[in-house]
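Working through the structure, step by step
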Amino acid sequence: MKPVIFLARVTFIYNICTLLTWLMRYLNFFPEGNLKSTIIVSGLLLAVVFNILTGLWCVFLVLKGEPLSNFRPQWLFISNLLCFIYQIYLLIR
């Protein structure tokens, strides 16, 4: 269970990059350069990949017989799911 929690935490960091990328469309609070491009790549590409990995791993654990109450902290998995839904919406749109 520990590796999936670590993966969920990494995914959460990438989801924060997704939110920062969305904010950068309206506000210019990062200077042009490496930091801005890293946040954009992390938010638009890596967040989707890690959300898919985390989701598939959680589905595998549930199908294996793990109860959903073992996924602690639950707010982490719920926030990753909500960000994943937003990212899927962006991909479809």
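As the structure is a computational prediction, the values presented were derived from the model and not from experiment.

**As for the packing of aromatic side chains**
One pass over the structure, following the stated rule, counts 4 aromatic pairs. Taking 5.5 Å as the distance between ring centres and 90 degrees as the angle between the ring planes, the aromatic pair formed by F12 and W75 counts as edge-to-face. Taken together, the positions of F12 in helix 1 (residues 2–24) and W75 in helix 3 (residues 74–92) put the pair 63 residues apart, joining distant regions of the chain. Taking relative accessible area as the criterion, F12 reaches 27% and is therefore assigned partly exposed. Taken together, a centroid distance of 5.0 Å and an interplanar angle of 50 degrees make the contact between Y14 and F50 tilted. With Y14 in helix 1 and F50 in helix 2 (residues 34–64), this pair connects stretches of sequence that are 36 residues apart. Owing to a relative accessible area of 18%, Y14 belongs among the buried residues under this scheme.

Calculation criteria
Residues numbered from 1 in each chain as written. Predicted model: local features only at pLDDT ≥ 70, side-chain atom pairs only at ≥ 80, totals over all residues. Heavy atoms only, no water. Phe/Tyr/Trp six-rings, centres within 6.5 Å; stacked < 30°, edge-to-face > 60°. Helix = DSSP H or I, 4+ residues; strand = E, 2+ residues; numbered from the N terminus. Buried < 20%, exposed > 50% of the residue type's maximum accessible area, 1.4 Å probe, protein only.

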